[in-house]
Amino acid sequence: MKPVDFGYVRPLTIADAVTALACAQGEGKVIAGGQSLGPLLNMRLVRPALLVDVNALAELAAIEEGELEVRIGAIVRQRGAERSAVVAGRLPLLAEALPYIGHVQTRNRGTVVGSVVHADPSAELPLVALCLDAIVEIVGPAGNREASIPDFYEGYLSTDLAPDELAVAVRFPAPAPPSGIVRAAAFAEMARREGDFAIVAAAAQLDVDVAARRVVDARVGLTGVAGVPLRFAAAETALRNAAEPPRVFASVAETVSDEIDPDSDLHATAAYRRSVARVLVSRVLERAWLRAFAGENGP
Amino acid sequence: MIVERPAPAVETTAESPKHRYIGKKRRAVEHRRFVLGRGKFAGDVTLPHLHHVAIVSSPHAHARILGIDVSAALALPGVLGVVTGDELCAQTKPLRQYLDMPGVDWFPLAGAVARYAGEWVVAVVATDRAIAEDAAELVEVTYEPLPAVLDPERAMADGSPPVHASHPSNVMYHRTFVWGDVDAHFAAAERTLQARYRWHRSATVPIETFAVVAAWDVGTNMLDVWASIQMPQYPEQLATALGIPLNGVRVHFDVDVGGSYGVKRGIKHSVLTAYLSRRFRVPVKFVEDRLENMRGGDMHGPDRIFDVEAAFGDDGVVRSLKIRTIDDEGAYPGRSPLQMGKPVGAIVGAYKIASVRYEVVAVVTNKAGQVAVRGFGQAPTNFVLELTMDRVAAAVGIDRLEVRRRNFIQPQDFPYTIPSGTEYDSGDYPTVLGKAERLADVDALIRWRDDARAHGRVAGIGVASCIEPGGGNAIFQALFNPKDDSTTFPEGCQVKIDRHGTVSAQIGVASSGQAHETLVSAVLGEEFAIDPDQIRVIHADSLAGLPSQSPVASRMAIMLGDASVGAARRLKAKMLEIAAYRLGMSPSDCVWDGTGVRRADGTGEIVSWMEMVRIAHVTYHKLPPGMDPGLQAQFVLEVQNSGRLPTPDGRVQMYPCQSFSAHVVAVEIDRGTGKVSFHKYALAHDCGTVINPDIVRGMVMGGIAHGIGAALYERFVYDDNGQLITQTFADYMMPTTHEVPPVEMVEHETPSPLTTMGQKGVGEGGYMSTPAAVVSAINDALAPFGTRIDHAPATPVDLLERMR
Amino acid sequence: MNDYAISVIVNGVTYERRIPPRRSLVDFLRDDLALTGTHVGCEHGICGACTVMLDGVPIRSCIVYAVQADGASITTVEGLSPDGSTLTPLQDAFVECHGLQCGFCTPGMLIAATALLREKPDPSADEIRDELGGNICRCTGYQQIVEAVQLAARTGGTR
């Protein structure tokens, strides 16, 4: 289980990285944490001519807190994000999801951006990125561009990132909730073992007007039920419109599970996924709602 | 003729003050090298000019090989050579298989036909493994796909595609044993039930894959082998397959084996690697990568369908059983069908069941071959026995623990002969079950379960008991193949006391985590009354060592333990003679006192250890006339209560010693996801006299973890095209720290009357009981839904379906 | 492809080697440096047998390539004990608690647990299970491993 022979560069600037990718003429592959890429390389399922290692791009090592967003650079480790006070304070949903990824040692090396960009439909972070309307910052031969999720995701392990482009960061919008509004998030996952990819995972982030007991903003999504993570606009609307939100959690979950059309595979049947999706959506809504009142992971 | 063996224990108990080291906490001597990173595993062995192997395997479940073009591979720089199945099949003898199956040959590489996806077809030798893999990709094999058969029952049917065209049927063995008056017992029974069970294909999957280094020396015409092997008669099978004299094969057993639990039997890997070394005249290393291991390593475990009928009374007492088992052997049956033979020695479990009909069917399909897995086939059989006892309990409305108590063989019944002819040596099953009940606090568990149910949760309590035969012999070979009259399964140990008075012992096996150096040094320390940590135990190579059958069958405490005792006692007798001569006494008037010898009446001087050593090694003039100089002894022990062929109706003394355990488990099933979590895991365990408490506990805990894997997670799944789709560790799910709960354990000691210290075997029982206990708990949890699980592993999908 | 010159510090010793870029860090440690204490279990980043510390952080060395470690400092199981023969409290606790059987997963366990104890000198059983959740052991059932880490925490952590 050894990779094909490949060349290797470790550029010190973004420009050099992009040049290296361009020189590889589509046969280049970016490696950051390598926790998904490494196995694929070792099994020769990915066969690059050139590996472009971005781990020396020091400018991409930071979590930057802005007024309206948090920017996570391409070599920020998942473990680093997990321990970040900025992430805990501003991105409660990301903070909730990070511990579900693999194990400590894979999070020590794996990056947030790498997971978002790898687009595994059973991974946690693409779902978080979707729910938070994240933006991928991309540098390529033609210059800089941005891609918003969900447009970024095209299908199973497939994005609109070109082979000669480099994702340098992901920006997670994180505007402060208005006064009197509490932002609370919950993440739930069914995996055969802890640390495995999700069979189904659900995410919810609710901005709750605590005094009025109303949801003013809702993000509800699922992973593991399609080739890309999914968000559910109708469910989010129903939550915003609900006079007493907990009363609609069950029907929202039911609607969501009716809306999806999952596949059967080795790990689960379609019917199982549909059923578990309903259960997990219901659970994350309840948990997020309770947290909004407990003030547990809101700002 | 009297078979000599060390005398069994007399009234040995755990508290016996005569034990200095046995039963006491003691660190395993092997561990120091492992925690320092200084273990020596086969993959660590390196030699000058070492070359490496990569494999080309069949992408088809069944295909004729029309042609192989190796020219591009050979042209790659760094490639030394390429060997195809045609060449290997012509130049080596078939690998040994144990059934009588004319026309069914097994070679390390497929010859004319590949019979499963992943079967090895071509081997490439190169200067490093990566280059070998590059070259393997350049080998072009032309296949003509053939119809494949994947379902064992379909494979048995008329008109099924044959896996081996030269064998008329896919059924390789079919026999029905009847022990006792089954028909009469069924006719007279107040109640009967029948059930079908499925034990899906899994294995113990050590973290170390199989690794072998072979070096053919053209100067001496000798083959040196370092391998991660746990297998009886490995050197013999290498020599036979390669057509070389057995004294030209030297297997180095001073190799640490990175886990085995039965499966480290890479004979095909080893024959291939040895052949490549001889062919290309370089040392060759082959370390399976994980994909080669999972798809093509022929290391899968039992894959069985059971149909069971039980005849019992309203009181829950079972009179008779009918068990039919179909085992899907994969393409090459090898030794695996015998895994339906070993359960014959405990076919009624711990129960006084009067008669049994046992029908076994070994069928081949287009899947990877099986090999021995922890328990050698008895984990699935015990799974079925115990779930059947649960069904009996449910049918008569009696508590599951009580049904077991009513059926138990009682302490006063030992030695007890079960219908299939095996005599159980000793046991106290009701007491052990009682200890498990108390440890688990079954009453509290019932309250917990009922409270959980009252709150809408899904909770259940499971119970299972298990007979764990230990000691091992190969008598299932003769049972399943009339042409095989093997009845010997010995184990040897050689002990020396050197000129400086230090003690060393040679054993003829490699260890895969069982701490045999710790075992032998403890036993010798006890015999010689010296600190075990001062005793050196080495793993001799196969030419230097005594006969050994490797650490299979929970046998080493029993066999290697008693062989060590035997050798020590021979040495002690010699030393006593030396000391008596020195004292001018008759040996019968002298005794050992600590590490010296004195007059039996306790008077006079002590002849010290060092004085006896010096006489033996240095001062020949002080040695009793005619005595050989030096202090060395060996003992080769035949299995206790063995050596007889099966009767014509298949009654047989299987293993000599029977350990026992009782497990009580409480689980909760997530109503929304079907995920199982443990609330409690407790067991009581009896393996006779405990030699090292930490090692015994570790064996049991490890077996339980394997059992949890088999019960809930692990399965080799083939798709409809015969492709293995669980070939990585992302898909073949072994339990981690999160899936294995804390386990409480209490020990009970019913000594064996057959062994010197009363010890029995311990390696396999955890794995035999746990799947039954876990599924028993699941079924209790599912009872309110009026449904149950009769297979393993039980997945969340299965459970959620049943809770609809 | 051309070999790549790297310089790494392993267990305090600087090594300079030329290697093909595709060589994994674990193969480099084992084959180029003869540090065979680190083991290969799956080569796809799941089993944890190959865990080493890269600049003080435990990672899986089967899915890091040796070229990536150029300029880095690595600790393997051979480097845990300062003199290579005196056991650290953690190593000693593994021996004392029978926290291993075949010894194959043990180096990875020791590296992971060493990192845990540096960060949390007195971890709970749950925290230990969390930290070691990515290291598969097929022999022990984990219980005696957890006990060993707890004992090490009592007897002196990673000192």
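Residues numbered from 1 in each chain as written. Chains lettered and ligands numbered in written order. Predicted model: local features only at pLDDT ≥ 70, side-chain atom pairs only at ≥ 80, totals over all residues. Heavy atoms only, no water.

## Examining the domain arrangement of chain B
Residues and elements named next belong to chain B.
Next, step 1: Taken as a whole, chain B is organised into domain 1 (31-39 + 490-637) and domain 2 (377-471 + 655-802).
Next, step 2: Domain 1 and domain 2 are separated by 40 Å when their C-alpha centres are compared.
Next, step 3: Contact residues are listed per partner, giving 15 residues for domain 1 and 20 residues for domain 2.
Next, step 4: Counting across the domain 1 and domain 2 interface gives zero salt bridges.
Next, step 5: Where domain 1 packs against domain 2, one counts nine residue pairs in polar contact (both at pLDDT 80 or more).
Next, step 6: For the side of domain 1 that touches domain 2, the secondary structure elements donating two or more residues are helix 15 (516-528) and helix 16 (556-583).
Next, step 7: Here the side of domain 1 that touches domain 2 gets seven residues from one element, more than from any other, and that element is helix 16.
Next, step 8: Split by residue class, the side of domain 1 that touches domain 2 holds eight nonpolar, four polar and three charged. (Domains from an automatic or database assignment. Contact = heavy atoms within 4.5 Å. Salt bridge = Lys/Arg side-chain N within 4 Å of Asp/Glu carboxyl O. Polar contact = N/O pair within 3.5 Å; in protein donor to acceptor, adjacent residues only side chain to side chain. Helix = DSSP H or I, 4+ residues; strand = E, 2+ residues; numbered from the N terminus. Nonpolar A, V, L, I, M, F, W, Y, C, P; charged D, E, K, R; others polar.)

## Things to note about the packing of helix 18 (residues 693-713) of chain B against helix 19 (residues 765-782) of chain B
Residues and elements named next belong to chain B.
Next, step 1: Helix 19 packs onto helix 18 with a crossing angle of 45° between their chain directions and a minimal axis gap of 7 Å. Viewed along their axes, helix 18 and helix 19 adopt a mutual orientation that is oblique. Here helix 18 runs over helix 19; the crossing is right-handed. Here Val700, Gly703, Ile704, His706, Gly707, Ile708, Ala710, Ala711 and Leu712 of helix 18 come into contact with helix 19, specifically with Gly766, Tyr767, Thr770, Pro771, Val774 and Ile778. (Axes fitted to C-alpha atoms, helices over the stretch in contact; angles between N-to-C directions. Parallel < 35°, antiparallel > 145°, perpendicular 65-115°, else oblique. Left-handed = near helix turned anticlockwise from the far one by under 90°.)

## Section: the sheet that holds strand 4 (residues 63-65) of chain A
Residues and elements named next belong to chain A.
Next, step 1: Strand order in the open sheet formed by five strands is 4-5-10-6-7, with antiparallel pairing between adjacent strands. Each edge of the open sheet is held by one strand with a lone partner, namely strand 4 and strand 7 (143-148). Recorded for the sheet is a direction-independent mean angle of 20° between the axes of neighbouring strands.
Next, step 2: Across five bridges, strand 5 (residues 69-73) lies against strand 10 (residues 166-173) in antiparallel orientation. Paired with Gly73 across the strands is Ala169, a residue of strand 10.
Next, step 3: In this fold helix 1 (residues 14-23) packs onto strand 6 (135-140) and strand 10, with an angle of close to 125° to the strand it touches most, strand 10. (Pairing = 2+ DSSP bridges.)

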